[in-house]
Every structure is written in structure tokens, then in C-alpha cells.
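# Per-entry structural report
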Amino acid sequence: MSKSRSLLLILILLLSLFFLPSCKITAPTGIATDTWYISDAKNIAVRFDPDGRGEYVALNRAVATPEDLRHRQSRNRSTLRLSGRPNLQGNMSVYHDRFYLTSDDERIEFRQYYTRAFPQGPFRYSDDVFSHTEMVEEQYGSAPGFYSSKTIEKRENKSYNQVLFDVAEGITTNILRRDVPLHLDIYQPRGDNQKNRPLVVLLHAGAFIAGDKRDELVSRLAEDYAKRGFVVASVNYRLGYIFLPGRYSNLERAIYSAIQDVRAALRYLSHHHERLGIDPYLVFLGGHSAGGILSLKTTFMEEPEVWPSVRGSMLRMQSDLGCLDCSTNNLHGPFNIKGIINMWGAVDDINIIKRHNQVPILSIHGDADLVVPYGYDLPFTNVSPRASAFFSRRLHGSASILSHTRSLGIDHTLYTFEGLGHEPHFDNEHELIPENYTIIHNLILDFVNNLIIPPKDRFRGPLAITPFDPAPEYHFETSNYDTYYFQCDDCIIVNETGNFARVVWLSGKDQYELRISGIGPNGQVITDTLDVKLAP
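Cut-offs and rules
Residues numbered from 1 in each chain as written. Predicted model: local features only at pLDDT ≥ 70, side-chain atom pairs only at ≥ 80, totals over all residues. Heavy atoms only, no water. Salt bridge = Lys/Arg side-chain N within 4 Å of Asp/Glu carboxyl O. Helix = DSSP H or I, 4+ residues; strand = E, 2+ residues; numbered from the N terminus. Buried < 20%, exposed > 50% of the residue type's maximum accessible area, 1.4 Å probe, protein only. Contact = heavy atoms within 4.5 Å. Pairing = 2+ DSSP bridges. Phe/Tyr/Trp six-rings, centres within 6.5 Å; stacked < 30°, edge-to-face > 60°. pLDDT = per-residue confidence, 0-100. Core = buried A, V, L, I, M, F, W, Y, C linked by side-chain atoms within 4.5 Å. Axes fitted to C-alpha atoms, helices over the stretch in contact; angles between N-to-C directions. Disulfide = S-S within 2.5 Å.

Taken as a whole and assessed by the stated rule, the structure comprises 26 salt bridges. Put simply, Arg116 and Glu496 hold a salt bridge, and the shortest N to O gap is 3.0 Å. Residue Arg116 is found in the loop between β10 (107–112) and β11 (133–145), and its partner Glu496 is found in strand β25 (residues 491–497); the two are separated by 380 residues along the sequence. On the basis of relative accessible area, Arg116 is assigned to the partly exposed category, the value being 37%.

Mapped onto the fold, Gln260 is located in helix α4 (residues 248–271). Those residues in contact with Gln260, other than ones at most four positions away along the chain, are Arg238, Leu321, Gly322, Cys323, Leu324, Ser327 and Thr328.

By way of backbone hydrogen bonds, the strands of a sheet pair with one another, either parallel or antiparallel. Within the open sheet, the four strands sit side by side as β22-β28-β27-β24. Their pairing is mixed. Each having just a single partner strand, β22 (464–465) and β24 (483–488) make up the two edges of the open sheet. Looking at chain direction, strand β27 (residues 511–519) and strand β28 (residues 525–534) are connected through nine bridges and run antiparallel. Bridged to Ile519 within β28 is Val525.

Turning our eyes to something else, we now look at the packing of aromatic side chains. Under the criterion given, the structure shown has 13 aromatic pairs. Arranged with centres 4.7 Å apart and planes meeting at 5°, the rings of Phe99 and Phe110 form a pair that is stacked. Of the two residues, Phe99 sits in strand β9 (residues 98–102) while Phe110 sits in strand β10, which places them 11 residues apart along the sequence. With a relative accessible area of 0%, Phe110 lands in the buried category.

A word on the confidence of the model for the protein chain. For the protein chain, the mean per-residue pLDDT works out to 88, and 87% of the residues sit at or above 70. Counting contacts from residues 15–21, a segment whose pLDDT is below 50, to residues more than four positions away or on other chains yields three contacts.

Where strand β8 (residues 88–95) meets β9, five bridges bridge the pair, whose relative direction is antiparallel. The partner of Met92 across the bridge, within β9, is Leu101. Taking the residues that link successive antiparallel strands as the turn, the β8-β9 hairpin has two residues, and the phi of His96 there is positive, at about 55°. Here β9 folds back onto β10, and the loop between the two strands holds four residues.

The next subject is the nonpolar core. Residues Tyr140, Val201, Phe208, Tyr237 and Leu269 are the most contacted members of the largest nonpolar core, which totals 64 residues. Looking at which element gives the most residues to this core, the answer is α4, with 13 residues. Setting aside chain neighbours within four positions, we find Phe208 in contact with Tyr237, Leu239, Gly240, Tyr241, Leu251, Ile255, Ala258, Ala290, Ile293 and Leu294. Counting 63 residues, the second-largest nonpolar core is a separate cluster that includes Tyr113, Tyr125, Tyr187 and Ile526.

We now examine the sheet that holds strand β17 (residues 361–366). Spatially, the eight strands line up as an open sheet ordered β11-β12-β14-β13-β15-β16-β17-β20, and their pairing is mixed. Single-partner strands in this sheet number two, and they are β11 and β20 (412–417). Strand-to-strand twist across the sheet, computed as the mean angle between neighbouring axes with direction ignored, equals 20°. Bridge count between strand β16 (residues 337–343) and β17: four bridges; the pairing is parallel. Paired with Met343 across the strands is Ile364, a residue of β17. Those strands touched by helix α3 (residues 216–227) are β11, β12 (178–189), β13 (197–203), β14 (231–235), β15 (278–288) and β16, and its axis lies near 40° from that of β12.

The next thing to look at is the state of the cysteines. Two cysteines, two sulfur atoms, one covalent bond between them: this is a disulfide. According to the stated counting rule, one finds two disulfides in the structure shown. The side chain of Cys323 participates in a disulfide bridge whose partner is Cys326; the two sulfur atoms lie 1.8 Å from each other. Between Cys323 and Cys326, the S-S torsion sits near 85°, and that sign places the bridge as right-handed. Exposure remark for Cys323: the relative accessible area of 24% places this residue in the partly exposed category. Between the sulfur of Cys488 and that of Cys491 lies a disulfide, 1.6 Å long from S to S. Looking down the S-S bond of the Cys488 and Cys491 bridge, the torsion is 65°, so its handedness is right-handed. Each member of the pair Cys488 and Cys491 is classed as buried. The connectivity of the disulfide-linked cysteines in the protein chain, indexed sequentially, is 1-2, 3-4.

Laid out in C-alpha cells, this is it:
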């Protein structure tokens, strides 16, 4: 070949290289680096480094080993060189959170991998979420009675029981019954927009002759639970009866009137559930002493078990008090009592608690209580058992109720303050004992949360995997939640639809964690962590 011809060929080659488009390793323009992009069509995920190199993983197995990836760019044409796999080529176009490789044969979509922000505490109902609460008083009805509030002042050298009897002395001279307006206090978090919140209804103590909806225990519990996102209602009910020896029917009528009022308050709250942002089918009814008695009676007493004395008597000049829902207001709002909080309360007739009414109970009681018996006994035995027998009957306290409910298969938890008497949150000077209040507060909170948050074991998925298994699926068995969340490190959540997620674990570890969460229609949150092990 002549020298001139050789020079011509070299010149042509140089010109060709100059005019041909360059092809070099570079990061794709507009695509996030160090972030996975998933192709569902190719069942792979790719991730780019800033220099155009990167890695990819196959998504068909439980455990994936990252392989080398290089991106080569020639003008608008991109080539993904996948180690051990055919190259992917096409014109690359980028749109926000995805990119496409388009060739004559196909258009391959790669979507950016991300998971939604996982719920972080503090969580509603379990933790303090709100700094401020608000309380409003509303009238829920009216009915004939003596009065609806009589506060008990702290008095030196007098027991709480003696105060109650002092109050009772005054009513024996007042036999007139007039229409009494009845009010309740509603506590809720300030500025809370959550709807369908659980409702806690609290009833005060006072032996049906004294007490008020703003007593120390009730108002403190109401404030604390409202800060956690609950709506709490504290209810005043009719009080007082003619205090005569041998006339137990007078006490029965007083208790029955109070039951009617509590039911009327529940109907009122249900009727206004949209305005108040409450779920009327998620009601927890509780109280202490007389309030505990009322909680049990309101939940379990049915029309056939109503005392004959409430039907009235011409001889005793007592009017018929009507049916359980025939007093105080004419509202018809439905409600469902989800659980009972019985703080040192009792029932006179244990048989009103029946097998078909499976309402869980939390009881809290001191085993040295002489005002309301822990077992089966007369009330106020600290004053005089003989005198107590003139005005009352034997009561089944928390321990006696526990034995009965166990025989019926009713979920009942009893916490006993050993060696303590009535109102174990107070000392002998009627001052609050912070440690005991905290116990009571936490017992109630755990009881309620266990009923509004389904058990954590309602979640399924393999906890032992091998590299050769198909990509595993994890799912919630329950559909009680509106939104579900999955989160893990060293993994790719390939698909997340409703309560299902398909997960590919990245090789290099012997154990992994999958964090799961669900948010329910009432704003309740469940969280859990599943430990997933790599089997040999």
C-alpha cells in the first residue's frame, strides 16, 4: 500500500472518530443517584452512582445479591450493561420519579423506589399527644329528683364514710322531688381534628347521696386521657333518697334513677357523635365506688331484672320510674359499651351478669375495703354491720364478680391493692397518693388500648427464609385499619398494596427486621417488628 494511501486511511479514520457520537460511562441526567429504581416488567431494581456505575438486583428471590451495573450514554441513547444479563438499551426519558428506556421493540419503565413516612410516636391514645385540653359543660336532660350534685369537702378528723352519712342526714327532711337539670362535662384535646374517637365515660363516687362530676379522681383522669386523644365525659346523675331503716327500696329507686340518667347521657353523646367527634360504638364506661356500681348496673341490667320497687306504690306514694330508657331525655342515639372500668364497685345481684353479654371488665379494688366489700359482704361495715343491714343488702365486690365472670368466660382483669381500703388512691388525710394514682391511670389506659388496638399477632409472613425462596409476602390478617405501612433496612419492598407487601432482602446479613404499622379509623396505631432470619 502506498504511503499516500495509508495516510488517507488514517485521516478518514480520525475524521470518523471525530464525527461519530461519543459513548462513555456517565450518570443518567435527571435521575437520583444512590436510589433504587424498579422495573416491574424486567423484575429488577437498579441504582446509579454519581460516576455512572452502580448495581442491580433481581427481584424474583427472597435474598438478592447486588451485581455490577454500568450506564453508557451515546447522545440520547442509553445502555445499561448488567453483569450476567443482556444489556438494556433505548432512548432515555425522565419524568419526575421514573424514567423510561424506549427502543423499537419496547418501552421499559423504571419507577423510583420509596416507602411512605413510617408512623412515629408519640401515638394517639397510648401517649401524651396534646399539650392542652378543653372542657365544656352541656345539659343532657332533666328528670324529677332531689339534686344532682353535692360535693364532699375534706374535713379533719372525719372519715370519708362519715361525711357520706352526714350528707344523708339532711335529705330525710326533704321529701319534695322537682325537675332537676342534669349536666355532663366533655373533655377533649384542643385543636384535634380526628373524628370517631373512643369515648370514655366516668361516673363519680358518693354512695348515691353525694358527689360531683368534677371530683378529684374523675377530673384528673379526664384531663390525662384527653391529652392522649380520647373524648371523656364526666356525668352528674340524680342523687338522694329517703334514708329510713328497712326501706332498701328507697336506695334501689335512687340507683335505678341514676342508671336511667347514665343511659340518657350515653344516648345524648351518641346523638351528638358527629359534632363531638366520637365513635358511639366504642364507649368505655367506668367509675369509682358508686360510679363503679353504676357502670356495672348500666351495662348488665336488662328490663326483666329491674327491681319491683321502681314500678311505684300508691301506698308509699311512689311513682312509676318507667323503663331503663324512659327518662331524662327523649333521644334515641345508639351506643355500644366496649369495656367496663370498675373501681372498687359492686353489684347486689350477681346474676345480672350473664354469659351472652361478653363485655370485658377491668376491676380495681383494695382487699381491705370496708365501705364496698372486696368479696361478698355488707357495705359500710366499718361504721356498723348491724346498722348497715338496716339500709342495705350484701354486695358482690370485685373478687366475687371475678369468680362469677370466670365461670361465664367473660374477660375480667382484677388488680388488687393489697392491704388497702376504700379509695386506695387517697391516704388517711384524703390526700392523693401519686404512686397509686399512676397505677390506676395506667391500668385503665392499658385496658382500653388493648380493646381498641387489635392484637399484634394478626400479622403473617415467613420469619425464616433461604436465598432460593420466592420473594416473600407479608400481610395483615385483619382489615380493621385504614392505612398500612411497611419499612425495613437492607431490603426492597417491591410491591405494597393495602395490607400486603412483597419484600426482597439484600444479601450480606443473617437476620433482618421488617417494621409494620397500621392506622385505624379511630386514629389508633399498631406497630411491631418482625425478626426475619436467613436459614442455612
